[in-house]
Amino acid sequence: MVVAHHPISFTPTLGNALDSQGPSWREWVVTNLRAGCDPIDMKGRMLESGAWSEQSAIDALTIAAHQLHLNRSIDFDTLAMPCLPDLGTLNLDGRPIDVTVRLNTPAVALCENVLSAGECTQLLAYARKKGFVPSTVVDDKDGANVPHPERTSSGVMFAKAETPLVARIEARLAELTRWPVEHGEGLQILAYREGQEYRPHFDAFAETEAGASHLRHGGQRLNTVIVYLRTPRSGGATVFPKAGLSIRPRAGGAVVFRNVDSQGQRDPASLHGGLPVDDGEKVILTLWQRQRRFE
Ligand code: PD2
Ligand code: ZN
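Residues numbered from 1 in each chain as written. Chains lettered and ligands numbered in written order. Predicted model: local features only at pLDDT ≥ 70, side-chain atom pairs only at ≥ 80, totals over all residues. Heavy atoms only, no water.

Next up on the list: the coordination of the zinc ion (ligand 2). For the zinc ion (ligand 2), every protein donor is listed as H201 (NE2), D203 (OD) and H272 (NE2), and the spread of their distances is 2.1 to 2.2 Å. Mapping the donors of the zinc ion (ligand 2) onto the primary sequence yields the spacing H-x1-D-x68-H. Of this pair, D203 sits in the loop between β9 (198–201) and α7 (209–215) while H272 sits in strand β15 (residues 272–274), placing them 69 residues apart in sequence. (Donors = N, O, S within 2.8 Å, 3.2 Å for Na, K, Ca; no water. Helix = DSSP H or I, 4+ residues; strand = E, 2+ residues; numbered from the N terminus.)

Structure follows, in structure tokens:
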């Protein structure tokens, strides 16, 4: 992916930005940047405090990074990212959604009660009516969608807002991650029967020619949201091998994770997969959130 870097220009606004909210904020920005904190997360916290506007936060981070002579350049375009919800309870669309686990590397959040049992059943019934077809993967060489032993599930794609329920779920997930619904791909439903799996892979596109054709249309897949619609009796965990993290699929729950680093490049730690189902059936819904509008 081509990442544009803004040259740092010393306008008076920029010069003042770091001090604009007082000495304690100056110290917070400098200390955390120096400690290697992710500027995306820092910007998120600055906005949540209510003290900073988006532009003043970016200006303060820009000037601080320059003053600290950080040898990593920060792409401030990518500071705008879908969020990972913080621990706690969020009230979305009339539902209390519990965020029970947060991991930093890779960036992962586990949420409970994202969909009701009725919504899971309704979506699954609609997907079955449309008809599942064997899943494919994007071939890294030519970008074509091809069947592959690494992904033995079957799936159904929904158009955006295909039904009122699909539109409602899209809006809820957009709110959960504070990322525009227009940047989402259509929801995909995947069903895994016994022995079926999705071996470890990246959801972010590779920087190859084949990947580039996907990137031109909506940019990178920044976040993935997986919502479990059907609980298998055993097996089928979603795993992040680099972190040694395994998540048991439970209908109504969701895992939200970031596929890229603070520069918008594919994050090696985001490698993830779906273990084979041992008994029963696992069904998930996947939403990929792009950098830009995705039509
Ligand atoms: O089914 C899963 O747990 C899983 C694992 C990894 C799904 C996906 N990736 C995906 O849909 O990208
Ligand atoms: Zn995946």
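The 9 strands are arranged β1-β2-β3-β14-β10-β17-β8-β7-β4 in an open sheet whose pairing can be described as antiparallel. Here the strands that pair on one side only, and so sit at the sheet edges, are β1 (88–92) and β4 (133–134). The pairing of strand β7 (residues 154–157) with strand β8 (residues 188–192) spans 4 bridges and is classified as antiparallel. When the bridges of β8 are listed, S154 appears paired with A191. (Pairing = 2+ DSSP bridges.)

The subject of this paragraph is the packing of helix α2 (residues 23–34) against helix α4 (residues 54–67). Where α2 meets α4, the closest approach of the two axes is 10 Å, and the angle between their N-to-C directions is 55°. Compared by their axis directions, α2 and α4 come out oblique. With respect to the hand of their crossing, α2 and α4 are arranged in right-handed fashion. Judged by residue contacts, R26, V29, V30 and L33 of α2 engage A60, L61, A64, A65 and Q67 from α4. Looking at the contact of α2 with α4, its residues break down into 7 nonpolar, 1 polar and 1 charged. (Axes fitted to C-alpha atoms, helices over the stretch in contact; angles between N-to-C directions. Parallel < 35°, antiparallel > 145°, perpendicular 65-115°, else oblique. Left-handed = near helix turned anticlockwise from the far one by under 90°. Contact = heavy atoms within 4.5 Å. Nonpolar A, V, L, I, M, F, W, Y, C, P; charged D, E, K, R; others polar.)

In the region of ligand 1, 14 residues are neighbours, and Y192, T238, H272, K282 and T286 sit closest. In the model, a nitrogen atom of ligand 1 is placed 3.1 Å from a nitrogen or oxygen of the H201 side chain. When ligand 1 is considered free in solution it has 310 Å² of accessible area, and contact with the protein chains removes 100% of it. Here ligand 1 occupies the largest cavity. Those elements giving two or more residues to the shell around ligand 1 turn out to be β8, β9, β15 and β17 (282–290). Looking at which element gives the most residues to the shell around ligand 1, the answer is β17, with 4 residues. Looking at the shell around ligand 1, its residues break down into 6 nonpolar, 6 polar and 2 charged. (Near = heavy atom within 4 Å. Polar contact = N/O pair within 3.5 Å; in protein donor to acceptor, adjacent residues only side chain to side chain. Areas by Shrake-Rupley, 256 points an atom, 1.4 Å probe, with all protein chains shown as cover. 1 Å grid on protein atoms, 1.4 Å probe; cavity = no way out; pocket = protein on both sides within 12 Å on 5 of 7 lines; lining within 4 Å. Sits in = over half its atoms within 2 Å of the grid points.)

The description of an aromatic ring pair rests on the distance of the ring centres and on the angle between the ring planes. Per the counting criterion, the structure on display carries 4 aromatic pairs. A centroid spacing of 5.2 Å and a plane angle of 75° characterise the contact between W25 and W28, whose relative ring orientation is edge-to-face. One end of the pair, W25, and the other, W28, are both in helix α2, 3 residues apart, so they sit about a helical turn from each other. Plain terms: the ring middles of W25 and W52 are 5.6 Å apart, the flat faces sit at 85° to each other, and that makes the pair edge-to-face. (Phe/Tyr/Trp six-rings, centres within 6.5 Å; stacked < 30°, edge-to-face > 60°.)

Helical geometry: 3.6 residues make up each α-helical turn, so side chains three or four residues apart lie on a common side. Taken residue by residue, helix α3 (residues 39–49) has P39, I40, M42, K43 and M46 as its buried positions. In a view along the axis of α3, the buried residues occupy a sector of 160°, so they form one face of it. At its buried positions, α3 is contacted by α2, α4 and β14 (254–258). Trailing α3 by a residue or two, G50 shows a phi angle of about 85°, which is positive. (Buried < 20%, exposed > 50% of the residue type's maximum accessible area, 1.4 Å probe, protein only. Arc of directions from axis to C-beta.)

A regular strand places its side chains on the two faces of the sheet in alternate fashion. Here β1 runs beside strand β2 (residues 95–103); their pairing, made up of 5 bridges, is antiparallel. Across the sheet, residue T89 finds its bridge partner in β2, namely D98. In this antiparallel pair of consecutive strands, β1 and β2, the connection spans 2 residues, and D93 shows a positive phi of 55°.

Right, let's talk about the pairing of β17 for a bit. For β17, the tally of buried residues reaches 9 of 9 residues, placing the bulk of the element in the interior. Residues of β17 alternate between two faces, with K282, I284, T286, W288 and R290 on one and V283, L285, L287 and Q289 on the opposite face, all of them buried. In this structure, β8 lies alongside β17, joined through 5 bridges in antiparallel fashion. Across the sheet, the residue bridging to I189 is L285, located in β17.

Inspection of the entire model under this criterion finds 0 disulfides. Free of any disulfide, C83 has its nearest cysteine sulfur in C111, 12 Å distant. There is no disulfide at C120, and the cysteine sulfur nearest it, in C111, is 14 Å away. (Disulfide = S-S within 2.5 Å.)

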